[in-house]
There are 2 protein chains.
Amino acid sequence: MKNTGDRRRTIYDVAKAAGVSISTASNALNGTGRTNAETRERVRRVAEEIGFRPNALARGLLSKRSHAIGMLTNDTYGRLTLPMAAGVSEVLVDHGVSVFLCATNNDPRLAQLHLEALLDRQVDGIIFTATRLDLEPPVQLSRLPIPVVYVFAEGPADSVTFFPDDEQGARLAVDHLKELGRSRILHITGPRDYLAARIRAQSYLDACGDGAEAMFGEWSEEWGHEAVQTVFARPGPKPDAIFCGSDEIARGVIDALRDLNVEIPTDVAVVGFDNWEVVARQTRPPLTTIDMELKELGHRAGLAILSLSKGEPVPAGITRLPCRLVVRQSCGSPLQSD
Amino acid sequence: MKNTGDRRRTIYDVAKAAGVSISTASNALNGTGRTNAETRERVRRVAEEIGFRPNALARGLLSKRSHAIGMLTNDTYGRLTLPMAAGVSEVLVDHGVSVFLCATNNDPRLAQLHLEALLDRQVDGIIFTATRLDLEPPVQLSRLPIPVVYVFAEGPADSVTFFPDDEQGARLAVDHLKELGRSRILHITGPRDYLAARIRAQSYLDACGDGAEAMFGEWSEEWGHEAVQTVFARPGPKPDAIFCGSDEIARGVIDALRDLNVEIPTDVAVVGFDNWEVVARQTRPPLTTIDMELKELGHRAGLAILSLSKGEPVPAGITRLPCRLVVRQSCGSPLQSD
DNA sequence: AGTTCATGCTAAAAGCTTTTAGCAGAAAAA
DNA sequence: TTTTTCTGCTAAAAGCTTTTAGCATGAACT
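Basis of the calculations
Residues numbered from 1 in each chain as written. Chains lettered and ligands numbered in written order. Predicted model: local features only at pLDDT ≥ 70, side-chain atom pairs only at ≥ 80, totals over all residues. Heavy atoms only, no water. Helix = DSSP H or I, 4+ residues; strand = E, 2+ residues; numbered from the N terminus. Near = heavy atom within 4 Å. Polar contact = N/O pair within 3.5 Å; in protein donor to acceptor, adjacent residues only side chain to side chain. Nonpolar A, V, L, I, M, F, W, Y, C, P; charged D, E, K, R; others polar. Pairing = 2+ DSSP bridges. Axes fitted to C-alpha atoms, helices over the stretch in contact; angles between N-to-C directions. Contact = heavy atoms within 4.5 Å. Domains from an automatic or database assignment. Phe/Tyr/Trp six-rings, centres within 6.5 Å; stacked < 30°, edge-to-face > 60°. Buried < 20%, exposed > 50% of the residue type's maximum accessible area, 1.4 Å probe, protein only. Lys NZ or Arg CZ within 6 Å of the ring centre and 35° of its normal. Least-squares fit on C-alpha atoms with pLDDT ≥ 70 in both. Parallel < 35°, antiparallel > 145°, perpendicular 65-115°, else oblique. Left-handed = near helix turned anticlockwise from the far one by under 90°. Buried area = accessible area lost by both parts, 1.4 Å probe. Salt bridge = Lys/Arg side-chain N within 4 Å of Asp/Glu carboxyl O.

Examined against the element boundaries, Tyr194(A) turns out to sit in the loop between strand E6 (185-189) and helix H8 (195-208). Distance from Tyr194(A) to Tyr12(A), taken between C-alpha atoms, is 57 Å for residues 182 residues apart in sequence.

Once that is clear, we can look at the protein's contact with DNA strand D. In the region of DNA strand D, 27 residues are neighbours, and Ile11(A), Ser21(B), Thr24(B), Arg34(B) and Thr39(B) sit closest. Here the atoms of DNA strand D within 4 Å of the protein split so that 54% fall in sugar or phosphate, with bases taking the remainder. Between DNA strand D and Arg59(A) there is a distance of 3.0 Å, counted from a phosphate oxygen to a side-chain nitrogen or oxygen. In this structure, a base oxygen belonging to DNA strand D sits 2.7 Å away from a side-chain N or O atom of Arg34(B). Listed by contribution, the elements that provide at least two residues to the surface near DNA strand D are helix H2 (22-30) and helix H4 (56-63) of chain A together with helix H2 (22-30) and helix H4 (56-63) of chain B. Residue contributions to the surface near DNA strand D peak at 5 residues, all from H2(A). Split by residue class, the surface near DNA strand D holds 10 nonpolar, 12 polar and 5 charged.

Turning to the sheet that holds strand E7 (residues 213-216) of chain B, a few remarks are in order. Residues and elements named next belong to chain B. On the basis of which strands lie adjacent, the open sheet formed by 4 strands has the order E7-E6-E8-E9 and parallel pairing. In this open sheet, the two edge strands, each paired with only one partner strand, are E7 and strand E9 (269-271). Taking the axes of each pair of neighbouring strands and ignoring which way they run, one obtains an average angle of 20° across the sheet. Strand contacts of helix H10 (residues 247-259): strand E6 (185-189), strand E8 (241-244) and E9, with the helix running at about 150° to E8, the strand carrying the most contacts.

Assigned domains within chain A: domain 1 (11-54), domain 2 (64-164 + 294-321) and domain 3 (166-292). Relative to domain 3 of chain A, the C-alpha centre of domain 1 of chain A lies at a distance of 63 Å.

Moving on, we get to the packing of aromatic side chains. Applying the stated criterion to the full structure yields 8 aromatic pairs over all chains. Where Trp276(A) meets Trp276(B), the ring centres are 6.0 Å apart and the plane angle is 90°; that geometry is what we call edge-to-face. Of the two residues, Trp276(A) is situated in the loop between strand E9 (269-271) and helix H11 (277-280) and Trp276(B) in the loop between E9 and helix H11 (277-280); the pairing between them involves two chains. Owing to a relative accessible area of 4%, Trp276(B) belongs among the buried residues under this scheme. Of note, Arg200(B) hangs over the ring of Phe273(B), and the distance from its end group to the ring centre comes to 3.8 Å.

Moving on, we come to the relation of the copies chain B and chain A. Under the fitted operation, chain B is carried onto chain A by 0.0 Å of movement along the axis and a turn of 180°, and the coordinates agree to an RMSD of 0.1 Å. Put plainly, the chains are arranged around a two-fold axis. Minimal C-alpha distance to the rotation axis in chain B is attained by Phe100(B), lying at 2.2 Å. Interface residue correspondence from chain B to chain A reaches 100%, placing this contact among same-surface, isologous pairings.

All names here are of chain A. Two elements in contact, helix H1 (residues 11-18) and helix H3 (residues 37-50), have axes whose closest approach is 9 Å; the angle formed by their N-to-C orientations is 125°. In terms of orientation, H1 lies oblique with respect to H3. As for the relative orientation of H1 and H3, their crossing is right-handed in sense. Contacts between H1 and H3 involve Asp13, Val14, Ala17 and Ala18 from the former and Arg42, Val43, Val46, Ala47 and Ile50 from the latter. Considered class by class, the residues forming the contact of H1 with H3 number 7 nonpolar, no polar and 2 charged.

So, about helix H1 (residues 11-18) of chain B. Turning to H1(B), its buried residues are Asp13(B), Val14(B), Ala15(B) and Ala18(B). The positive-phi residue at the C-terminal boundary of H1(B) is Gly19(B), with phi of around 70°.

Attention now goes to the sheet that holds E6(A). Residue and element names in this part refer to chain A. The strand order across the open sheet built from 4 strands is E7-E6-E8-E9, with neighbouring strands paired in parallel fashion. Strands with a single pairing partner mark the edges of an open sheet, and in this sheet they are strand E7 (213-216) and E9. Mean inter-strand twist for the sheet, computed between neighbouring axes without regard to direction, equals 20°. Where strand E8 (residues 241-244) meets E9, 3 bridges bridge the pair, whose relative direction is parallel.

Close to DNA strand C lie 27 residues; Ser21(A), Thr24(A), Arg34(A), Thr39(A) and Ile11(B) are nearest. Among all atoms of DNA strand C positioned within 4 Å of the protein, those belonging to sugar or phosphate total 53%. A distance of 2.8 Å separates a base oxygen of DNA strand C from a polar side-chain atom of Arg34(A). Listed by contribution, the elements that provide at least two residues to the surface near DNA strand C are H2 and H4 of chain A together with H2 and H4 of chain B. For the surface near DNA strand C, the leading source of residues is H2(B), giving 5 residues. Of the residues in the surface near DNA strand C, the class split is 10 nonpolar, 12 polar and 5 charged.

Attention now goes to the interface of chain B and chain A. Every contact between the two is made by 56 residues of chain B and, on the other side, 56 residues of chain A. In total, chain B and chain A occlude about 5100 Å² of area from one another, counting both sides; carbon and sulfur atoms represent 52% of this. With its nearest N and O atoms 3.0 Å apart, the salt bridge here joins Asp120(B) to Arg8(A). Our count for the chain B to chain A interface comes out at 30 residue pairs in polar contact (both at pLDDT 80 or more). Listing elements by their share of the side of chain B that touches chain A, those giving two or more residues are H4, helix H5 (81-93), strand E2 (98-103), helix H6 (108-120), helix H9 (221-233) and H10 of chain B. Ranked by residue count, the leading element in the side of chain B that touches chain A is H6(B), at 8 residues. Taken together, the residues of the side of chain B that touches chain A sort by class into 23 nonpolar, 15 polar and 18 charged.

Attention now moves to the pattern of salt bridges. Applying the stated rule across the entire model yields 36 salt bridges over all chains. As a salt-bridge pair, Asp94(B) and Arg109(A) come within 3.6 Å of each other at their nearest N and O atoms. Taken together, the positions of Asp94(B) in the loop between H5 and E2 and Arg109(A) in helix H6 (residues 108-120) put the pair across two chains. Glu167(B) is the partner of Arg171(B) in a salt bridge, and the nearest nitrogen-oxygen pair spans 2.8 Å. Placement of the pair is Arg171(B) and Glu167(B) together in helix H7 (residues 166-179), with a separation of 4 residues, close to one helical turn.

Shown next as structure tokens:
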């Protein structure tokens, strides 16, 4: 007779079935107060039997902690957001915390609406995510009564913020190319007004020194294509490796190189950025690239908001999580490159 | 003095500030009961002034409707899920309903955990989404005390289910090609064990009649590439159009055709399926394709679960939402094709 | 024997809202 | 004048849980 009725079982039902008071039932189930071991066991068995599960609303109302958080995102497409969100949800579900997804489409009205709904629901915290790293949050988050964690977006001074370590990621790519004996490395990346593009480019320039060249453009395949054509059309020495600011750009680069009959990786090695599998796996040859560990980013952001919501201290400022090099075949390997 | 304090304002604060009882305050704010117009106005003004917003937890506890729903998905990557989820969230936020995102990663344990959390939170309904159309839901959803809507996944008999209209979508593609004067249309698509692949293929066969050929394989670029090579290597007449089961396949097809020096769209017209912009916009030439209207699918699913949760009747069974043809340049146009 | 202590349990309050039942007063009807 | 009806308001209950304060009971002290 496991909750076959229509009504959800309450702690009142448990108490009645176990022949104790409501308080004793609660204490027994939560291990609080003073309870006889035998009674405690009986109550727990009864609760299990009738399929009792505590009402999260009532619990939240009393404890002032809803054990839910909100995720505010302005990413419509979801290439970055969803893996990240999955990471957040994955790490929090084990702590009994659920995640509200709020897609704002960069619309301030919608963002405001979502934010108010979240506050009305007494969420314990908010994770704000953006894809356009440069964009202002579409809504005022600074003076909220609950903690906010920023991912892929910079919050006000002293806020808790997570980014991938673009600087280290770029270094990873360049070091890999250098280890394989490449010396004339070119960098083709996205628009200069993206912070991530600037950081990666600077890291590349620092690592490669003189002769290094960073070409800013778009986050598109087309731009990769175009940049390669430009470079190979002009006089002077040609690069023996290209580090791309995104996998999409890398894809354009690879296509353009093939059109020019340039061998990959023999003549030119190519490294991407994103490890966006649908792209990186499908290039010919498959793309060596930098993974931003989006899921791990989600884990960390989730744990951070969890700690903050409990009042535990979390180091403020920007935390940059290491990227990972994923080796496929667009660079050759130390062994086979000769 | 708009909620500058630490504590959230309650209806008790409103009542006190307006000099009325709690019940009157509630009645005035909600327009229930009998209230003098003047009093009602005063209460509302006061509520506005002190920044009162009702506690959704308390409200939900009483009304037994939490005004929240859960979205259970096993899609890790999110290409289909996130636009759909954004549609759901977008349409529901205006009705004061929020959405819990639960990524199950196809892990039954995780799915069970999420499901229990949702029930504990008294959600008003659940939207279940899958990418692998053939897969069983990772958890038993049939005997739940709350309504369930299925999207991209088939529920038990008589459940409310939404799919894109694959049959109509395929017809859209074939008709477009025919209108442009193409007669030898080939179909290259994904694995036969995907229902969507089978439906699209059947629709194509019905529309094209004898001589039509559907090639099943993978949902990958590589397969598109390979299929084209096979077809163009064997003797006999060559197709003058290729309808692809996905944009990724189309991409492989286009690349392979270019390698063979076949002109697109002059010699062969290509149509994709998905309107996955990162792919469809970046092929050369840009890809004419079928859009599944994922956001609209989300809207409809959201409205359906809303109605169901209010006890309003919703037609059971599978509803298929029309797809849309997106014309780019991979087929030419009636005007420029000569 | 009288006091202190520990144990196992319970009644009641608190958390915030909505709804029900009903009270007083005034107006309308008898 | 008495009764009915309507109006505007309020006290209290309900929704479900956790926590606080405290009540008996029996054991261990002084």
